[in-house]
Amino acid sequence: MTDVIKNSAHLAGVVILAGGASTRMGAAKAQLRLPTGERLLDYHVRHTLNLATFDTGNNKNTPIMIADNGRGFDVDSALKNSNLQAAIMHIADYTSADSQDKNQDEKIDKKIDDKIKTGGALVAIESALQTVIKSQSLNALTENQSLWLLVISCDSLIPATDLWQKLQPIATQITKNQAADKKVICLTDDSHLYPLLGLYPLSLEPDLKAYIDNGTRRVMPFIKPYLQAVSFPNNWQYLTNFNTPTEFERACHSLNTLSMSDYQYQRNFQ
């Protein structure tokens, strides 16, 4: 795969979606172990650190947010203590005022039946957008309208560095054309759309908040008016959308057979 990107001036933050129920997998995807022994969550944090700390610009202070639905998945101490400048933090899902009572009932139900209940990916993305916006200066928000949140789901082994390099030129082109329309840039193949591997502009936050506050959570109906799909290489085909142990094993095999200059056995943190 490609080298680590050295120019990511428009990257405002990264959110790793790690709170899914993973019912078909039988275990939390974020806690799955790669053949190297590295946990999937740590794998994504490591690559995101590589992306967020290279070169100058916004990346030096780019927040890395873990949305795990309150499950408390820890990050390897070597990553947290790596002296890299990007901040690693856990964030809670966005909760609209009208749904707070309902969420409290769901928390009680979770304790009773020990099943993982989720509000869906959009409430995590909304929380991440709000977190990033609060971290940006007023000048940055008003002077640079092309600030993007990179979304990565824990059903993928595509490194953050490669995902950003694939999608960033599209964001740059949108900015260069001064397109007024808001866009959600995400991966696609011949049969699937991957909205949880994509770029969401910070300017989309009010629209997403209103959508959630209206009681809706479905991803596809929300992104459809904003969609900008980007085809990914054939050799990424089995790196994502794994939902069973067999599919994860296949993804790991695909990862090992690819020629990736940035994939070595935890090389940066040993």
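My aim in this report is to walk through the structure given alongside it, one point at a time. Along each chain, residues carry numbers from 1 onward, in the same order as the chain's sequence is written. Where local features are concerned, this predicted model is filtered to residues with pLDDT of at least 70; where side-chain atom pairs are given and counted, the filter is 80 or more; whole-chain, interface and lining totals use all residues. Only hydrogens and water are set aside when side-chain values are computed; all heavy atoms of the structure are taken into account.

Two side chains with opposite charge may pair up if their charged atoms get near one another. A carboxyl oxygen of Asp or Glu within 4 Å of a side-chain nitrogen of Lys or Arg is what we treat as a salt bridge. Taken as a whole, this structure holds 5 salt bridges when the rule is applied. With its nearest N and O atoms 3.0 Å apart, the salt bridge here joins aspartate 42 to arginine 39. Note on accessibility: aspartate 42 and arginine 39 belong to one class, buried. In this scheme, a residue with accessible area under 20% of its type's maximum is buried, one over 50% is exposed, and one in between is partly exposed, where area comes from a 1.4 Å probe on protein chains only.

We now examine the sheet that holds strand S2 (residues 64–67). For two strands to pair, DSSP has to find at least two bridges joining them. Counting from the N terminus, the helices are DSSP H or I runs at least four residues long and the strands are E runs at least two residues long. Strands sit in the order S3-S2-S1-S4-S6-S5-S7 across an open sheet of 7 strands; the sheet is mixed. Two strands lie at the open edges of the sheet, namely strand S3 (88–90) and strand S7 (227–231), each paired on one side alone. Ignoring strand direction, the axes of neighbouring strands in this sheet form an average angle of 25°. Note: strand S4 (residues 148–153) against strand S6 (residues 193–201), 4 bridges, orientation antiparallel. Note on S6: the bridge partner recorded for leucine 149 is tyrosine 200. Seen against the sheet, helix H4 (residues 121–135) touches strand S1 (11–17), S2, S3, S4 and S6 and runs at an angle of roughly 150° to S1. Inter-axis angles, ranging from 0 to 180 degrees, are taken between N-to-C directions of lines fitted to C-alpha atoms, where helices are fitted over the stretch in contact. Residue contacts follow a heavy-atom distance rule, with two residues in contact if any of their heavy atoms lie within 4.5 Å.

We now examine the side chain of serine 156. Within the secondary structure, serine 156 is located in the loop between S4 and helix H6 (160–176). By relative accessible area, serine 156 is classed as buried at 0%. A polar contact of 3.0 Å, which involves the side chain of serine 156, links it to the backbone nitrogen of isoleucine 158. If we skip the residues at most four places from it in the chain, serine 156 touches Leu40, His44, Leu197, Leu239, Thr240 and Phe242. N or O atoms within 3.5 Å of each other form a polar contact, as long as, within protein, one can give a hydrogen and the other can take it, and as long as residues adjacent in sequence are counted only when both atoms are side-chain atoms.

Turning our attention to the layout of surface pockets. Roughly 820 Å³ of volume is contained in the largest pocket. The wall of the largest pocket is formed by 34 residues, among which Gly20, Lys29, Ala121, Asp155 and Leu196 lie closest to the centre. Elements that contribute at least two residues to the lining of the largest pocket include exactly H4, S6 and helix H8 (219–223). Tallying contributions element by element places S6 first for the lining of the largest pocket, with 5 residues. Of the residues belonging to the lining of the largest pocket, the class tally is 17 nonpolar, 12 polar and 5 charged. Using protein atoms alone on a 1 Å grid, points that fit a 1.4 Å probe yet trap it form a cavity, whereas open point sets bounded by protein on both sides within 12 Å along at least five of seven lines form a pocket; residues with an atom within 4 Å of a point count as lining. Grid points are joined across faces, edges and corners, and a volume is the space filled by probe spheres set on the points. Residue polarity is assigned by list, with Asp, Glu, Lys and Arg as charged and Ala, Val, Leu, Ile, Met, Phe, Trp, Tyr, Cys and Pro as nonpolar; anything else, Gly included, falls into the polar class.

Attention shifts here to the packing of H4 against helix H7 (residues 205–213). Any two packed helices are characterised by how steeply their axes cross, that is the angle between the axes, and by the distance between the axes. In contact at an axis separation of 10 Å, H4 and H7 are set at 140° when each is read in the N-to-C sense. Considered as vectors, H4 and H7 are oriented oblique to each other. In the packing of H4 onto H7, the handedness of the crossing is left-handed. Contact residues: Leu122, Val123, Ile125, Glu126, Leu129, Gln130 and Ile133 in H4; Glu205, Leu208, Lys209, Tyr211 and Ile212 in H7. For classification purposes, an angle smaller than 35 degrees is called roughly parallel, one larger than 145 roughly antiparallel, one from 65 to 115 roughly perpendicular, and anything else oblique. Left-handed describes a crossing in which the near helix is turned anticlockwise from the far one by less than a right angle; the clockwise case is right-handed.

Fair warning: the whole summary comes from geometry, so function is off the table for now.
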